[in-house]
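Descriptive analysis of the structure
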Amino acid sequence: MKNILSLVFLLFFCPFIILAQVPKKPTSGDIYTSIQKLNFLGSILYIGAHPDDENTRLISYFANNSKAQTAYLSLTRGDGGQNLIGPEIRELLGVIRTQELLAARRIDGGQQFFTRANDFGYSKHPDETLKIWDKKEVLNDVVSVIRKFKPDVIVNRFNHRTPGTTHGHHTASAMLSVEAFNLASDKNYKTYLQNDVTWKPKHLFFNTSWWFYGSEEKFNKADKTNLLSLDIGTFYVNKGLSNSEIASLSRSQHQSQGFGSTGTRGSQVEYLELLKGDFPSNKNVFGGVDTTWSRIDGGEEIGKILNEVEKEFNFKNPTESIPELLKAYQLISELKDKHWRNIKLNEIKEIIAACAGLYMEAVATESNASPNSNVAVNIEAINRSLTKIVLNSVIILPEQKEIIGSVALLNNKDYKKKVSIYIPSEEKYTSPYWLLEKGSLGMYNVTNKSYIGLPETPHLINVKFNVKFGDVVIPFYREVVYKYTNPVKGEVYKPFEILPEISASFSEKVFIFANNNSQKIAIKVKSLKDNLEGKVSLCIPENWKVSPANYQFHIAQKGEEQRFNFEITPPVNQSEGLISPIIEVGNKIYTNELIEINYSHIPFQSVIMPSEAKVVRLNIQKKGQLIGYIQGAGDVIPTSLRQIGYTVVELKNRDITPEKLKNFDAVILGIRAYNTNDRAKFYQKYLHSYVRDGGTLIVQYNTNRRLKVDEVAPYSLKLSKDRVTNENAEVNFLIPSHEILNYPNKITKDDFRGWVQERGLYFPNEWDSHFKALLSMNDINESAKKGSLLVAKYGKGNFIYTGLSFFRELPAGVSGAYKLFANMISIGKSNNIQLNN
């Protein structure tokens, strides 16, 4: 247990261990920068609400210019946002955005922390946010990060004094930071930390700018006596990049949010408003803080040695620094200040390894393994210097098994050995820890308190290399990883993952039964062990029927999949519920699915979640059959429409021609299609001609920023930021007799029950008189929003613009959303109902 806790500590403070799939191979310039950082004993914590809220310019500046320990605390993982690169939403989007933040920090040099707060979607006021989040628990998380990271300076991204003027999460993050600043030093306030030691930061700032003042003119006229200005336009010679260029590369990692950024050069000023603490007399953010080795007992002698190492560093032969670095290492090992001792020990030993050209790696021959199994691991160590180095031992953690004894590492002679590692039966899965237990709308449930704050699950299968430099033995930890050779990309690293021996998943997340007929539903069973046998059955809701009761299976090879078809019969009346697989292997029962997330800009992710699908017996009618769908930012609405019997053709740009469009009963644009598709400005005229000739065009929500077209509709229509975030907000019918609300399905207020996360977003707030607004809704204490569903007759056809969040509701199996969408597709296809003018 002691070693596990030590590894968790390393993961909290040492970004080179977190996600260390691709090993660092530092240059002389990198080593020198690390020595400079070794000589700076100061830390700064930047606090915001979401991934992409952080000011990467400041994080890069503090990490690379000031050389400070720099971290970003994002209160959420961004689960409630939209996804511009794929279909993942909610929890899976949170996994992607977590990894995007880590990718950003690897570029700008910062570290990354989180709380247990769940991004439940847009919130209009911090009071609502803090109620849903559970303020007490999130505040405890913030205080815990402060006490653990011990920042000298805290910087808030948002203004805590303006509730209700921006995203409630934003304001809440600042309010919690202000409160936590005081509580962190309050000995009567207790956190979940085992070593719960108070800490008092020196300064609390707000990272203000003209944006918070409404205009540059107002900001230029504002009193700035309480503002600290920083020119962050530094050029880093050893990197060949300006600070802003690094910041842009970092921000561009937020690909799921479309935040690609172009680097700039030259002077740039950032402003920090002092909220708490004394104003720095020297106008330095660390003013009043001793950031030298003298700040800790026993540090002065270390400082003398390391300052000389920095001064005399030989870029052509870094090994000359090793003797003095070893002296400093031993002195650091004796420091009484555990916080700085642990941080600086991990920094200096990596510098020593880099100076010696010492490379150590542990690579598994398989990408994953299950508890109670063995895996082959290739151990490699090489000393590329004339320094006398001995590999004293190699130990597998956490089982403490010594696999290699004393071996001399001769200059440039590669030492390799293949060993077998046992994965204990009690070893925990490496899936995202915050998803292992069922949480609430606003909070993730984390039972292992030592993990709270960490960006991801610690990979505890590690290798400890005990390396002897002369008389000094230094332990180096390397995470076991997996790598392979890709014929196109070359060497590719992946995390080595601990996963369950078997999993099961459905082909879809929602199955719609539009009549009494039974459906065959397939379950995919995947084995991660050889020769696995057992039984699979299906748990179904009351009044539903399944046949057969179960299947016996035998899977011969690891990675093999088998599919089993169960025939599900719905009840006669409308009904809905969840189905889930039950897999029995020996005396163990498994009910989880394995979800893989694979994007080139983040490490491969395996996510274990409860395997379940929603079944809905829905009395639904529809008109029309063939649907053309033009994808935008990415959604799974085509799959949902196929569930109710439509034939959906997903159109490529080359398919959007008058000749092909005329064959469709309706054409639908996916979410943000006009924001993301550069070809939209060329094919839009064909879409409008299709409507004019009698077709139905449904355009789902876009934002008013970065539109690829001049207008989103054939008539004037102005997009806004209007949204209704309360998924239970009352919906009123403005034209009850309108065809869309009556044909072929009668829409009632009951059809707006059970919606998830929100009603809709980015509604138009102005439109041409040709449009008819069908619905009205609003959040509490707000005016009615009437732009969620607009219909206009255009030529012989119908144009529909909707900001309703069908992209969330249909995948969630919301019955009323299906009926309303079917009515939109069916408009104009009845001779008995006329469009209400």
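The structure we're discussing is the one just above.
Now for a quick tour of the structure. The numbering scheme is per chain: residues are counted from 1 as the chain's sequence reads. Per-residue local features are limited, in this predicted model, to residues with pLDDT of at least 70; the limit for side-chain atom pairs, both in listing and counting, is 80 or more; totals at the level of whole chains, interfaces and linings are taken over all residues. No hydrogens and no water enter the side-chain calculation; it runs on all heavy atoms of the structure.

Digging into the pairing of strand 19 (residues 481-486)
Two strands pair if DSSP finds at least two bridges between them. Counting from the N terminus, the helices are DSSP H or I runs at least four residues long and the strands are E runs at least two residues long. Pairing analysis gives two bridges linking strand 10 (residues 359-364) to strand 19, with the strands arranged parallel. Across the sheet, the residue bridging to Ala364 is Tyr482, located in strand 19. Both strand 19 and strand 20 (residues 490-495) contribute to a ladder of six bridges, which runs antiparallel. Across the sheet, Lys483 pairs through a bridge with Tyr493, a residue of strand 20. Here strand 19 hands over to strand 20 after three residues, the two strands then running antiparallel side by side.

Details of the sheet that holds strand 44 (residues 797-802)
In sheet architecture, strand pairing relies on hydrogen bonds along the backbone and comes in two forms, parallel and antiparallel. Spatially, seven strands are ordered 35-34-36-37-44-43-41 in an open sheet, and the strand pairing comes out mixed. In this open sheet, the two strands that pair with only one neighbour each are strand 35 (647-650) and strand 41 (771-773). Strand-to-strand twist of the sheet, defined as the mean angle between neighbouring strand axes without regard to direction, takes the value 20°. For strand 41 and strand 43 (residues 789-794), the ladder comprises three bridges, and the chain directions are antiparallel. Across the sheet, Lys772 pairs through a bridge with Val791, a residue of strand 43. Contacts between residues were defined by any pair of non-hydrogen atoms, one from each residue, lying within 4.5 Å. Geometry is summarised by axes, namely lines fitted to C-alpha atoms with helices restricted to the contacting stretch, and by angles between N-to-C directions that run from 0 to 180 degrees. Along the sheet, helix 18 (residues 815-826) makes contact with strand 34 (626-630), strand 36 (666-669), strand 37 (696-700), strand 43 and strand 44, crossing strand 37 at roughly 140°.

Re the pattern of salt bridges
Oppositely charged side chains can pair when the atoms bearing their charge come close. We define a salt bridge as a side-chain nitrogen of Lys or Arg found within 4 Å of a carboxyl oxygen belonging to Asp or Glu. Applying the stated criterion across every chain, the model contains 36 salt bridges. Between Glu179 and Lys135 there is a salt bridge, with the nearest N and O atoms lying 3.2 Å from each other. In this pair, Glu179 is assigned in helix 7 (residues 168-183) and Lys135 in helix 6 (residues 135-149), connecting sequence segments 44 residues apart. Relative accessibility under 20% of the residue-type maximum defines a buried residue, over 50% an exposed one, and the middle range a partly exposed one, all with a 1.4 Å probe and only protein chains included. In this structure Glu179 comes out as partly exposed when scored by relative accessible area, which is 30%.

A closer look at the packing of aromatic side chains
In this description, a pair of aromatic rings is defined by centroid distance and the angle of the planes. Ring geometry is summarised as follows: Phe, Tyr and Trp rings, the Trp one being its six-membered ring, pair when their centres sit within 6.5 Å, and such pairs are stacked at plane angles under 30 degrees, edge-to-face over 60 and tilted between the two. Per the counting criterion, the structure on display carries 28 aromatic pairs. In textbook terms, an aromatic cluster arises when at least three aromatic residues are bridged by ring pairs, as seen for Phe733, Phe752, Trp755, Phe806 and Phe821. By definition here, charges over rings are those cases where NZ of Lys or CZ of Arg is within 6 Å of the ring centre and within 35 degrees of the ring normal. In this structure, Lys224 packs its charged tip against the face of Phe219, placed 4.6 Å from the ring centre. Its guanidinium or amino end placed over the ring of Phe604, Lys494 lies 3.9 Å from that ring's centre, counting from NZ or CZ.

Quick word on the packing of helix 11 (residues 322-333) against helix 12 (residues 338-355)
The contact between helix 11 and helix 12 brings their axes to 10 Å, and the two run at 160°. Judged on the interaxial angle alone, helix 12 and helix 11 are roughly antiparallel. For the pair helix 11 and helix 12, the crossing hand works out as left-handed. Residues Ile322, Leu325, Leu326, Ala328, Tyr329, Ile332 and Ser333 of helix 11 form the contact with helix 12, whose participating residues are Arg341, Lys344, Leu345, Ile348, Lys349, Ile351, Ile352 and Cys355. Residues are grouped as follows: Ala, Val, Leu, Ile, Met, Phe, Trp, Tyr, Cys and Pro are nonpolar; Asp, Glu, Lys and Arg are charged; every other residue, Gly included, is polar. Here the residues of the contact of helix 11 with helix 12 sort into eleven nonpolar, one polar and three charged. Angle categories: roughly parallel below 35 degrees, roughly antiparallel above 145, roughly perpendicular from 65 to 115, and oblique for all the rest. Left-handed is the label given to a crossing in which the near helix is rotated counterclockwise from the far helix by less than a right angle, and right-handed is the label when the rotation is clockwise.

Points about the side chain of Glu245
Along the chain, Glu245 turns up in helix 9 (residues 243-251). What makes Glu245 buried here is its relative accessible area of 16%. Pairing of N or O atoms within 3.5 Å defines a polar contact, subject to two protein rules: one partner must be a possible hydrogen donor and the other a possible acceptor, and residues neighboring in sequence count only if both atoms are side-chain atoms. Here the side chain of Glu245 touches Ser242 through a polar contact of 2.7 Å, landing on its backbone nitrogen. Apart from the residues lying within four places of it in its own chain, the contact partners of Glu245 are Gly240, Gly263, Thr264 and Arg265.

Some details on the sheet that holds strand 12 (residues 373-382)
Sheet architecture is open: five strands sit in the order 16-12-10-19-20, paired in mixed fashion. Two strands close off the open sheet at either side, each with one partner strand: strand 16 (415-423) and strand 20. Averaged over all pairs of adjacent strands, the angle between strand axes in this sheet comes to 40°, irrespective of strand direction. Here strand 10 runs beside strand 12; their pairing, made up of six bridges, is antiparallel. The residue bridging Met360 from the neighbouring strand is Ala381, located in strand 12.

In short, the description is geometric, and any link to function would need to be established separately.
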